[in-house]
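# Structure assessment
The chain contents come next:
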Amino acid sequence: MRPAYVERPEENPDPTLLPEITLLGPAEPVGGAPVDLALPSGELLAGQYRPSRKLGYGGMGTVHLALDTKLDDRQVAIKVLHPEQEAGALARERRALVDLSHDDIIRVFNYGHHPGVGDFLVLQYVDGLTLEEVRARAQVNPSEFGGSRFHEFVLAYGVRILSALGYLHAHRPPKVYGDLKPGNVMHDGTSTKIIDVGSVRAAGLPGLTTEGFRAPTVGPNGESTRQDDLFSLGETLRRLCGLGTSADDLGELSDLAALDADAPTVPAVGETTTSAPSGLGLVSLARVLRRATRGKRAERFADAREMEQQLRGVFRELRSLRTGMETFEPSPLFLPSPYALDGALGSAPPLAHWAEPSPPSPYTPPTPVQVAQRLPVPRPGPDDAHHDRLSRLADAAPEALLQHTADWRASTEVHLLRCRLRLRSPGHGPDAAEGELEAAERLIGPERAPYDWRLDWHRGLLALARGQVTDARGHFDGVYESIPGEYAPKLALGHCAEHLGRWQEALTFHEAVRLRNPSLGSAAFGAARARLALGGERALEDAVAALDAVPQHSRHRTAARTAAVRIGVEHARTAGPGDDVPGRLREVLERLALLFHAHGLTDDQARTRVIAEVWEAVQNALTRGALDPEGLARLAADADPRLAFPADGATLRQDLSRLCRALAHQAARSADPEDAAVAETLLDRAYEVRPLAFRHHRDSPWLGKRVADWLRTAASAPSHRPPPASHGPAPP
Ligand SMILES: Nc1ncnc2c1ncn2[C@@H]1O[C@H](COP(=O)(O)OP(=O)(O)OP(=O)(O)O)[C@@H](O)[C@H]1O
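Everything quoted here is computed from the prediction, not taken from an experiment. (Residues numbered from 1 in each chain as written. Predicted model: local features only at pLDDT ≥ 70, side-chain atom pairs only at ≥ 80, totals over all residues. Heavy atoms only, no water.)

## So, the overall build of the chain
Keep this limit in mind: A helix here means a DSSP run of H or I that spans at least four residues, while a strand means a run of E at least two residues long, and both kinds are numbered starting from the N terminus. Between buried and exposed lies partly exposed: a residue is buried under 20% and exposed over 50% of the maximum accessible area for its type, with that area taken using a 1.4 Å probe on protein chains only. We call two residues in contact when some of their heavy atoms are within 4.5 Å. Surface accessibility in these figures is a Shrake-Rupley result with a 1.4 Å probe; residues are shielded only by whichever protein chains are displayed.
Summing up its helical and strand segments, the chain has 26 helices and twelve strands in all. Counting across all 732 residues of the chain, residues that qualify as buried make up 53%. A separation threshold of at least 6 residues defines the contact pool for the chain, and within that pool the share at least 24 residues apart is 65%. With an accessible surface of roughly 30,700 Å², the chain has 51% of that area assigned to carbon and sulfur atoms.

## What about helix α13 (residues 430-444)?
Just so we agree on the cut-off: To estimate the expected span of a helix, subtract one from its residue number and multiply by 1.5 Å. In this description, the arc belongs to the directions extending from the helix axis to the C-beta atoms.
In this model, α13 (15 residues) spans 21 Å end to end at C-alpha, consistent with the 21 Å of a helix rising 1.5 Å per residue. Residues of α13 that are buried include every one of Ala-433, Glu-436, Leu-437, Ala-439, Ala-440 and Ile-444, and no others. For α13, the angular spread of buried residues about the axis comes to 155°, placing them on one side. Across from the buried face of α13, at angles greater than 90 degrees, the exposed residues are Asp-431 and Arg-442. Tucked into the core, α13 has its buried residues touching α12 (412-424) and α14 (453-465). Gly-445 lies just past α13 and shows a positive phi near 95°.

## What to know about the nonpolar core
Operational definition: Nonpolar cores were defined as sets of buried Ala, Val, Leu, Ile, Met, Phe, Trp, Tyr and Cys residues, with membership established by side-chain atoms within 4.5 Å. These domain limits were set by an automatic method or by a database of domain assignments.
Ile-161 and Met-307 are the most contacted members of the largest nonpolar core, which has 64 residues in total. With twelve residues, helix α4 (residues 150-169) is the single largest residue contributor to this core. Residues from two domains meet in this core; each of domain 1 (27-124) and domain 2 (130-328) gives at least three. Ignoring any residue separated from it by four or fewer positions in sequence, one finds Ile-161 in contact with Leu-131, Leu-180, Val-185, Ile-194 and Leu-233.

## Notes on the pattern of salt bridges
The condition is simple: A pairing counts as a salt bridge when a side-chain nitrogen of Lys or Arg comes within 4 Å of a carboxyl oxygen of Asp or Glu.
The tally for this structure, following the rule as stated, stands at 47 salt bridges. In this structure, the salt-bridge partner of Glu-133 is Arg-2, at a minimum N-O distance of 2.8 Å. With Glu-133 in helix α3 (residues 131-140) and Arg-2 in the segment before β1 (4-7), this residue pair connects regions lying 131 residues apart in the sequence. For Arg-2, a relative accessible area of 16% corresponds to the buried category. A salt bridge links Arg-312 to Glu-308; the nearest nitrogen and oxygen atoms lie 2.9 Å apart. Residue Arg-312 and its partner Glu-308 are both found in helix α8 (residues 304-323); the two are separated by four residues, about one turn of the helix.

## Observations concerning the UniProt feature "binding site: ATP" (unreviewed entry) in the chain
The criterion, for reference: UniProt positions are given in the numbering used here, feature names are shortened, and annotations may be inferred rather than shown by experiment.
In the numbering adopted here, UniProt assigns the feature "binding site: ATP" (unreviewed entry) to Lys-79. With respect to the helices and strands, the residue Lys-79 is situated in strand β5 (residues 74-81). Apart from the residues within four sequence positions on either side, Lys-79 is in contact with Met-60, Thr-62, Val-63, Asp-119, Phe-120, Leu-121, Leu-123 and Asp-196.

## Thoughts on the domain arrangement of the chain
Spelled out, the test is: Here's the idea: put two parts together, see how much 1.4 Å probe accessible area each one loses, and the total over both is what we call buried area. Counting of polar contacts relies on pairs of N or O atoms within 3.5 Å, with two restrictions inside protein: one atom must be capable of donating a hydrogen and the other of accepting it, and residues adjacent in sequence are counted only when both atoms are side-chain atoms.
Examined at the domain level, the chain breaks down into domain 1 (27-124) and domain 2 (130-328). Each partner contributes residues to the interface: domain 1 has 16 residues there, and domain 2 has 16 residues. Summed over both partners, the interface of domain 1 with domain 2 buries about 1,400 Å², with 61% contributed by carbon and sulfur atoms. Taken together, the links from domain 1 to domain 2 amount to two salt bridges. Asp-196 is the salt-bridge partner of Lys-79, the closest N and O atoms lying 2.7 Å from each other. Scanning the region where domain 1 abuts domain 2 turns up seven residue pairs in polar contact (both at pLDDT 80 or more). Broken down by element, the side of domain 1 that touches domain 2 gets its largest block of residues, five residues, from helix α2 (residues 89-99).

## Comments concerning the sheet that holds β5
Within a sheet, adjacent strands bond to each other through the backbone by hydrogen bonds, running parallel or antiparallel. We apply this condition: Between any two strands, at least two bridges found by DSSP are needed for them to pair. Orientation is described by lines fitted to C-alpha atoms, with helices fitted over the stretch in contact, and by angles between N-to-C directions that extend from 0 to 180 degrees.
Taken together, five strands build an open sheet; the order of strands is β3-β4-β5-β7-β6 and the sheet is antiparallel. Two strands bound the open sheet, and with one partner strand each, they are β3 (49-57) and β6 (108-114). Going across the sheet, the axis of each strand differs from the next one's by a mean of 30°, ignoring polarity. In this structure, β5 lies alongside strand β7 (residues 118-124), joined through five bridges in antiparallel fashion. Bridge pairing in β7 places Lys-79 opposite Leu-121.

## Regarding the packing of aromatic side chains
How we decide: The rule is short: rings of Phe, Tyr and Trp, with Trp giving its six-membered ring, pair when the centres are within 6.5 Å, and they are stacked under 30 degrees, edge-to-face over 60, tilted in between. Definition used: whenever NZ (Lys) or CZ (Arg) falls within 6 Å of the ring centre and also within 35 degrees of the ring normal, the charge is taken to sit over that ring.
If you walk through the whole model with that rule in mind, you get seven aromatic pairs. With a centroid separation of 5.1 Å and 85° between ring planes, the pair formed by Trp-615 and Phe-645 is classed as edge-to-face. Here Trp-615, found in helix α22 (residues 604-624), pairs with Phe-645, found in the loop between α23 (629-638) and α24 (649-669); they are 30 residues apart in sequence, far enough to count as distant. According to the relative accessible area criterion, Trp-615 is buried, its value standing at 1%. One residue, Arg-239, lies across the ring of Phe-213, its end atom 4.4 Å from the ring centre.

## Some points on helix α5 (residues 226-241)
Look at α5: 23 Å from first C-alpha to last across 16 residues, which is about the 22 Å you get at 1.5 Å a residue. Within α5, 14 of the 16 residues are buried, leaving the element largely enclosed by the surrounding structure. Positioned one or two residues after α5, Gly-242 has a phi angle of 70°, which is positive.

## A closer look at the site of the ligand
What counts is decided by this rule: When at least one non-hydrogen atom of a residue lies within 4 Å of a molecule or strand, that residue is treated as near it.
Close to the ligand lie 20 residues, the nearest being Gly-59, Met-60, Lys-79, Gln-124 and Asp-196. One of the side-chain N or O atoms of Lys-181 is found 3.2 Å from an oxygen atom in the ligand. Side-chain polar atom of Asn-184 to an oxygen atom of the ligand: 3.2 Å apart, as the coordinates give it. When the ligand sits alone it has 620 Å² of accessible area, and the protein chains cover 89% of it.

## Details of the confidence of the model for the chain
Stated precisely, the cut-off is as follows: You can read pLDDT as the predictor saying how much it trusts each residue, on a scale of 0 to 100.
The predicted model of the chain has a mean per-residue pLDDT of 88, with 89% of residues at 70 or higher. Scored below 50 in pLDDT, residues 28-32 makes eight contacts in the model with residues more than four places away or belonging to other chains. Across residues 718-732, where pLDDT falls below 50, the model places 25 contacts with residues more than four positions away in sequence or in other chains. Prediction confidence for the complex, expressed as pTM and ipTM, is 0.90 and 0.96 respectively.

## A look at the packing of helix α20 (residues 557-573) against helix α21 (residues 581-597)
Worth spelling out the cut-off: For classification purposes, an angle smaller than 35 degrees is called roughly parallel, one larger than 145 roughly antiparallel, one from 65 to 115 roughly perpendicular, and anything else oblique. We call a crossing left-handed when the near helix sits turned anticlockwise from the far one by less than a right angle, and right-handed when that turn is clockwise. Gly is put with the polar residues, along with every residue not named as nonpolar or charged; the nonpolar set is Ala, Val, Leu, Ile, Met, Phe, Trp, Tyr, Cys and Pro, and the charged set is Asp, Glu, Lys and Arg.
α21 packs onto α20 with a crossing angle of 160° between their chain directions and a minimal axis gap of 9 Å. Between α20 and α21, the angle falls in the class roughly antiparallel. As α20 runs across α21, the sense of the crossing is left-handed. Contacts from Thr-558, Arg-561, Thr-562, Ala-564, Val-565, Gly-568, Val-569, His-571 and Ala-572 in α20 reach Val-581, Arg-584, Leu-585, Val-588, Arg-591, Leu-592 and Leu-595 in α21. Classifying every residue of the contact of α20 with α21 by side-chain character gives nine nonpolar, four polar and three charged.

## Re the sheet that holds strand β10 (residues 185-188)
Judged by pairing direction, the sheet is antiparallel, and its three strands sit side by side in the order β8-β10-β11 without closing on themselves. A single partner strand is all that each edge strand has here, and the edge strands are β8 (129-130) and β11 (191-194). Here two bridges tie β8 to β10, and the two strands are oriented antiparallel to one another. Following the sheet pairing, Leu-129 is matched in β10 by His-187.

## Digging into the pairing of β10
In the sheet, β10 pairs with β11 via four bridges, with the strands oriented antiparallel. Looking at the pairing, Val-185 lines up with Ile-194 of β11.

## Overview of the state of the cysteines
How we decide: Here, the term disulfide refers to a pair of cysteine sulfur atoms separated by no more than 2.5 Å.
This model, assessed by the stated rule, comprises zero disulfides. Of all cysteine sulfurs in the structure, the one in Cys-496 sits closest to Cys-419, which takes part in no disulfide; the separation is 16 Å.

In structure tokens form, the structure reads like this:
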């Protein structure tokens, strides 16, 4: 191993950052030999280059370090070709090699011939290690690369190499590199260089390849396509990560089954002792490498850009899972979703909450139908005829959009849009949506349809809309296989796992998405629900922490803060004998004040419902003996005065009675007929809860008339002017 110093970069979300590797001292010649060029002493190669030592050798030739005496003694690498290479393809391609210009591809400065030595290329000199040497180093000393962080650096190598491959592939006619492997890429300071450019050729022409990195689809004489390059890169990265010994092993590592286990999965590491990421990070990494190294070209990434997007996504996931830090970058394939998928948790309790003798759990997840309607939406494909128009569409009512797009010429994306709109529109449903999906599939055609993840995504939505969650999980798993760096399939799988009772799996998916992008309410709510369902000592703290991590600038912030209050209430309501109910209630009141005055819950009706729920929880604690009158007084003394929290039991009851009447008022004016029935129940409660001195029955003939009159007035009051709770028409 050559002596070198590895300096890791600070933690950073940039998926192209590499450690800085500096070779130390006079490096040993790689081949162990000094210059072995047949040059008389003092003679310059081609009258210009002074060789100093051998750098290495390979199938094509021997590489020497030399000084360019005509250019300020600049260091260059001279690659002297083996005689059998001289008349080969390289000789014809020299001009093209000199023209190659990309930061991650070694520069070919010159070429020449020296009698007695032969043909040679003059290359940019790289004072670094090959990736094969880096791999060996990481195997011996993983901590030098930050342990499992090494895998993120491997992805960074991938992203950089893909930039070079993308450059070659974009030539007209396209070029391929043809012979990608760890020995042909060097770590150059903090960047990479593909060194062995002799294999570069036009796509489809014969050329150099290497056993073990060669795709099965390459022709007998090395005839390669762009997707064969992606295979070789996938294999290169697999070796660097040391995952398995072949693409088959990646299949095993890609399995979701392990994610519902209690303990984190232990990776089956093949060729390295570098600690590999575990759990979902490992699955995503294995999947991205597997997709690149699939046997059939159609199963691999379509191009360098597609592969790069997914490597970047997996990088973000690994980094966030390792550090717990946000690693956000907008998704290239999905639009940001406006919906929080918060189930019952993220908003004030609905009026129906008071219809039940004991309120339903607020932890209920969103229904499969709601999930189908509110998952993130794929961005329209750039090649679609309607791409521009589709990108400009506002998220309007589904019926209106169906009408708006009715006369658009059919295209895959238009059918997929209509499929989603029909799922969201009450008058249509899954059967109509399925027709659109079939039309999209026909347009994609039988050759490409099996590999188009968009079809699987929409099949997953359809299955959810029909309540077939196991099927949906299968479809979304297919999407995750295809685009392993994307967050949206993981969000979908998290919701499926919740409905299948696979709570550990749900937590794994939601946490991975949430950590990467804490602004995304859906994942924070999912993680909170999964933590609460799994239980355990820290369940409540961890659930609330996930919600608190939704940042102030997120559109889901108010919902997340509301949920944190409601979780506290629910906990106080269902607390066992050992629980610190006064402490919990104190926290709830603190959060409530912040929710109203800093975190944006400004709607008066919602505020009244949240206050009623909190006050009821306090009353409930008093009744159960979990809180005593002194404790209540202390809570009031500590609470934010703007909450006007009652300091004694009688005032609390009076407040509750007033709140119930305010809620009855909301119910009486609600457009929902079921709410009207709740109005009666709430009035009953208002009377029940009054302090003893005030108690009487509302059904007394005198009072009954007044109540009926009041309800009528309330119901006929103009509904566009919702008065604050305390300012409704004077209740009886
Ligand atoms: N530009 C360079 N700067 C520094 N070292 C280099 C450079 N090019 C090659 N080397 C060293 O020489 C070794 C052999 O180089 P290279 O892989 O290009 O040769 P090759 O004959 O094409 O090998 P093969 O075809 O077997 O991969 C490399 O492993 C590297 O250590």
